Amino acid sequence: MSKNNLLIYVVRHDLRVSDNPILHHLASTPDHGFTNVLPLFAILPYQIEVSGFLEEGAKSPYPEARSDLGRYWRCGPHRATFIAQSVWNLKDNLEKLGSDLTIRIGKYDEVLRTLINGLRGEGLEVGGVWTIGEEGFEEKRDEKTMSEICSSLNVDFRVWVDEKYFIDDRDLKLDGAQDLPDIFTTYRKMMEPLREKPRTPLPTPAKDALPKPVDKSMIPSHGSPFHIPSSYDKFEEALLRPVKAILPGAPPLPEGAESAHPFRGGEDHAHHRLYYLIKSGNVSSYKTSRNGLLGSDFSTKLSGYLAQGCITARQVHNKLMLYEDGKDDSLAESQGYGDGENEGTKAIRFELLWRDYMRLCTRKFKAKLFLRSGFRDDSANKWRSIKAEEMADGQKQSADEISKIIQRVFNGTTGMGLIDASQRELLHTGYTSNRARQNVASFLAKHLNIDWRYGAEWYEMLLIDYDVSSNWANWQYVAGVGNDPRGEARIFNPVKQAFDYDKDGEYVRCWVPEVREIEKLEHVFQAWTTPKDDWERLGLTGLAMAEDPVKKIEFSVEGKPKSSRRPFVRRRGNGRGGNSRAPQGTNIPDGQDGGDKTTNEQRSNHGQHNVAENSRGRGRGRGYNGGYRGRSYRGFRGPYRGGRGSSLNYGQPPMMVQQVAPTEQAQ
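Being a predicted model, the structure only gives us computed values, none of them experimental.

**Regarding the pairing of strand β3 (residues 102-105)**
Along β3, one buried face is formed by Thr 102 and Arg 104 and the opposite face, lined by Ile 103 and Ile 105, is buried too. Across four bridges, the pairing between strand β2 (residues 36-43) and β3 is parallel. By the bridge assignment for β3, Phe 41 is matched with Ile 103. What joins β2 to β3 is helix α2 (residues 77-96), and the crossover it makes is right-handed.

Structure follows, in structure tokens:
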């Protein structure tokens, strides 16, 4: 063996130093054989737009990082900020351990070939490339790419088990992916009791316990046409520069509206958030508060951290155990300390398991995650689309008309109060509650019969807590082509849902200032129902949401179906809240709710089909997850004018001229 033997550790969605299987192995195993380790994070140009890192006057060798169907940015400004913060926090924490993080831009084969050849040119022998495995279709393709380039360069390649989930893969009662039940309840019963299942988290390596870092002078420079800034501020600026454009004509940030996810990315902030949730008592009340709509305390907001691997599900579980068993003195003043598992902590574990299940569905169904027909192979041509080859049978509206409807849904001007509030919140902050997410998904896919993948791609762009499995599988679930046993029968009535969960209209009025002066809730939730005599006084005249709503739902307040569910009542001050669903962050997967029954849903000006709402049963309308850093994102400055390709704005829904043939499906 050469006197030096270097390991390249490719970091992906494992942006942490604690409970990290690769770092733990290197720090605790004396005979691993490596003298040096080079942690590497690659910004992948097909997932994140990288033109902001170009040297002046240079042109990017990569196409823009846009989605296949709607041509939206794959990663918008909110998650880009969160990722930048998380990557930099990992860099800081590695430096505290005596190591460092190398950042590169490019595809894995290009980055690894350049690094390995450059290091060898400095007399360093690269003996291995390690990474932690993932389930996404694109991520599996990346692993194959890494394996092939390593093989061609005669370097050992190893994929480690991903240990950031609730129940370790090695402890599953499944012989293979195809043995995963298609119904979550069946899987949950197989895994119970949940409190006993997770493994103990791995400790953080001690300082200088890792193999030595590589001298920076020996690491090959990045090279043209990209430049990686050495300061965080400039790194974030470069990442955000191309994706700051806003949806044309989108409503501005309402006065007084604040982000429900004002949290920075990174491992340190993830653990601070978890500590706060327990210390404040939020975890004990999670089950009853998770359906909240306003404020930072109604959900755990751990989903973004879980998605990027800043914290692991078993670390969350372990901290809950210490709290429940009364074994952490720092939590001694917390409500319920030492009293064992309570309804709140039990609900959080349930949602963490749901997150596991979505990931396992990706393993089982692979590329079906991104197909319109979904896990169910539902080939019925029922979805309206702007793409001629995918239009629904009998679709009368043109591609341009459908595009305009999609744009109104995404910029929050449909006239459906709950939908509009959620979409504006998402647009400006990168977060919206699980309850709202379910309603938006149902509205787009089942009330408007529009291809659900437009919504999934839009959420991929904007959500802080986007996770490939949670986002796409949950959209399938609500659209009726996933593994919801009720399928098409589950339809959310956004008017009834608003009455149930925004009982004072506070959320809708916060994000849709056009209806703030309206007194009656039924008019707040559907402005078109306001008596015409009041339109001028209330400022509704000329507003499309009142004069030309995308959808009208006849709903009788007096005859409103009674619900056994308690509406969420937002607490004032230091509220106690759990989460609205679980982890896709821990947004933690959220609420269980069936569809609602509505009466005489009318055909709107856009010729929507009548939809019979269903009120039976309590279902599981899984959430997607979101979250944002804070500052109510005011950084939008108009369309991006540099770069390549079309001048589409990052938030702009599909336009007719942007008909690009789908490439190999990913995320």
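**Observations regarding the confidence of the model for the chain**
With 83% of its residues at a pLDDT of 70 or more, the chain has an overall mean of 85. This stretch, residues 561-593, has a pLDDT under 50; its non-local contacts, to residues over four places away or in other chains, come to 192 contacts.

**Observations concerning the pattern of salt bridges**
It is possible for side chains of opposite charge to pair when their charged atoms get near one another. Under the defined criterion, the tally for this structure stands at 46 salt bridges. With its nearest N and O atoms 2.7 Å apart, the salt bridge here joins Arg 359 to Asp 169. Highlighted residues: Arg 359 in helix α11 (residues 343-365) and Asp 169 in the loop between β5 (156-160) and α5 (184-191), separated in sequence by 190 residues. Accessibility assignment for this pair places Arg 359 and Asp 169 in one class, buried. Between Lys 496 and Asp 500 there is a salt bridge, and its shortest N-O distance comes to 2.6 Å. One end of the pair is Lys 496 and the other is Asp 500, both in helix α17 (residues 494-501) and four residues apart, which spans about a single turn. Classification of Asp 500 as buried rests on a relative accessible area of 9%. Taken together, the shared-partner salt bridges in this structure form one network comprising Asp 19, Glu 163, Asp 168, Arg 170 and Arg 314.

**A few points about the nonpolar core**
Ile 43, Phe 53, Tyr 187, Trp 452 and Trp 458 are the most contacted members of the largest nonpolar core, which totals 154 residues. With 11 residues, α11 is the single largest residue contributor to this core. Beyond its immediate chain neighbours, meaning those up to four positions away, Tyr 187 contacts Leu 172, Leu 180, Pro 181, Leu 353, Asp 356, Tyr 357 and Leu 360. Val 111, Leu 112, Leu 115 and Leu 124 belong to the second-largest nonpolar core, a separate cluster that totals 25 residues.

**Some remarks on α5**
Two residues of an α-helix separated by three or four positions point the same way, owing to the 3.6 residues in each turn. All buried positions along α5 are accounted for by Phe 184, Tyr 187, Arg 188 and Met 191. The buried residues of α5 all sit within an arc of 100° when viewed along its axis, so they share a single face.

**A few points about the sheet that holds strand β1 (residues 6-11)**
The strand order across the open sheet formed by five strands is β3-β2-β1-β4-β5, and the pairing between neighbours is parallel. Here the strands that pair on one side only, and so sit at the sheet edges, are β3 and β5. Pairs of neighbouring strands in the sheet enclose a mean axial angle of 25°, with direction left out of account. Inspection of the sheet shows strand β4 (residues 126-132) paired to β5 by five bridges, in the parallel sense.

**Looking at the packing of helix α15 (residues 452-462) against helix α16 (residues 468-479)**
Viewed as axis vectors pointing N to C, α15 and α16 meet at an angle of 150°, and their least axial separation amounts to 10 Å. For the pair α15 and α16, the sense of crossing is right-handed. Here Trp 452, Arg 453, Gly 455, Ala 456, Glu 457, Tyr 459 and Glu 460 of α15 come into contact with α16, specifically with Asn 471, Trp 472, Trp 475, Gln 476 and Ala 479. Across the contact of α15 with α16, the residue classes break down as six nonpolar, three polar and three charged.

**Regarding α17**
Counting buried residues along α17, eight of its eight residues qualify, which places the element largely inside the surrounding structure. Residues of α17 that are buried make contact with α13 (417-429), α14 (434-447), α19 (521-525) and β6 (552-553). Capping the start of α17, Asn 493 holds a side-chain oxygen 2.9 Å from the backbone nitrogen of Val 495, two or three residues further along.

The rules behind the values
- Residues numbered from 1 in each chain as written.
- Predicted model: local features only at pLDDT ≥ 70, side-chain atom pairs only at ≥ 80, totals over all residues.
- Heavy atoms only, no water.
- Buried < 20%, exposed > 50% of the residue type's maximum accessible area, 1.4 Å probe, protein only.
- Helix = DSSP H or I, 4+ residues; strand = E, 2+ residues; numbered from the N terminus.
- Pairing = 2+ DSSP bridges.
- Right-handed = clockwise from strand over helix to strand, strands pointing away.
- pLDDT = per-residue confidence, 0-100.
- Contact = heavy atoms within 4.5 Å.
- Salt bridge = Lys/Arg side-chain N within 4 Å of Asp/Glu carboxyl O.
- Core = buried A, V, L, I, M, F, W, Y, C linked by side-chain atoms within 4.5 Å.
- Arc of directions from axis to C-beta.
- Axes fitted to C-alpha atoms, helices over the stretch in contact; angles between N-to-C directions.
- Left-handed = near helix turned anticlockwise from the far one by under 90°.
- Nonpolar A, V, L, I, M, F, W, Y, C, P; charged D, E, K, R; others polar.
- Polar contact = N/O pair within 3.5 Å; in protein donor to acceptor, adjacent residues only side chain to side chain.

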